[in-house]
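# Close look at the chain arrangement
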Amino acid sequence: MRGMEQRLMREIGGIRADLTKVDSRLTSRMDRMENDIAWIKVSVGNIDKRLDDLEVVQVPKLKRIVGIR
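Thresholds applied
The residue numbering used here restarts from 1 in each chain and proceeds along that chain's sequence as written. A pLDDT threshold of at least 70 governs which residues receive local features in this predicted model, and a stricter bar of 80 or more applies before side-chain atom pairs are shown or counted, although totals over entire chains, interfaces and linings include all residues. Excluding hydrogens and water, the side-chain figures rest on all heavy atoms present in the structure. For the purposes of this entry, the term helix denotes a DSSP run of H or I that reaches at least four residues, the term strand denotes a run of E that reaches at least two, and both are numbered from the N terminus. Here the expected length of a helix is defined as 1.5 Å per residue gap, with one fewer gap than residues. In this scheme, the bend at a residue equals the angle between the axes fitted to the seven residues that finish there and the seven that begin there. A patch consists of residues exposed above 30% relative accessible area that lack any salt bridge, with like charges linked at up to 9 Å and nonpolar side chains (Val, Leu, Ile, Met, Phe, Trp, Tyr) linked at up to 5 Å. The Shrake-Rupley method, run with a 1.4 Å probe sphere, supplies the accessible areas, and residue values consider only the shown protein chains as cover. Here a salt bridge means any side-chain nitrogen of Lys or Arg lying within 4 Å of a carboxyl oxygen belonging to Asp or Glu. Charge assignment in this entry is limited to Lys and Arg as positive and Asp and Glu as negative, and neither His nor the chain termini are counted. A single reference atom marks each charge: NZ on Lys, CZ on Arg, CG on Asp, CD on Glu. With a 1.4 Å probe rolled over the protein chains alone, any residue whose accessible area is under 20% of its type maximum counts as buried; one over 50% counts as exposed, and the rest are partly exposed.

### As for helix H1 (residues 2–66)
Here H1 contains 65 residues, and its C-alpha end-to-end distance of 92 Å stays within 8% of the 96 Å for a straight helix at 1.5 Å per residue. Along H1, the sharpest kink reaches roughly 40°, centred on Leu 54. Downstream of H1 by one or two residues, Gly 67 has phi in the positive range, about 95°.

In structure tokens form, the structure reads like this:
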């Protein structure tokens, strides 16, 4: 019985160690994903600002220069 209990405890300890490693890797990957998402949001925001500038400022200027109403 004691031998079985010791083997079971070793197995449980190994599984705990494996789960700790997996949790650590998942945490680091989630952190990287959050950083990537933040970068994407900033990039999309910058693209949106440039498109707004084109639509609101640049195109009307070009239309006036070319003579299109």
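### Let's talk about a negative patch on the surface
A cluster of like negative charges, contributed by Asp 48, Asp 52, Asp 53 and Glu 55, occupies part of the molecular surface. Classification of Asp 53 as partly exposed rests on a relative accessible area of 35%.

### Thoughts on a positive patch on the surface
A grouping of Lys 21, Arg 25, Arg 29 and Arg 32 is seen on the molecular surface, where their side chains present a positively charged patch. Looking at the element boundaries, Arg 25 is found in helix H1.

### Some thoughts on a nonpolar patch on the surface
Together, Ile 47, Leu 51, Leu 54 and Val 59 make up an exposed nonpolar region whose accessible area comes to about 330 Å². The topology assignment puts Val 59 in helix H1. Overall, the relative accessible area of 37% leaves Val 59 in the partly exposed class.

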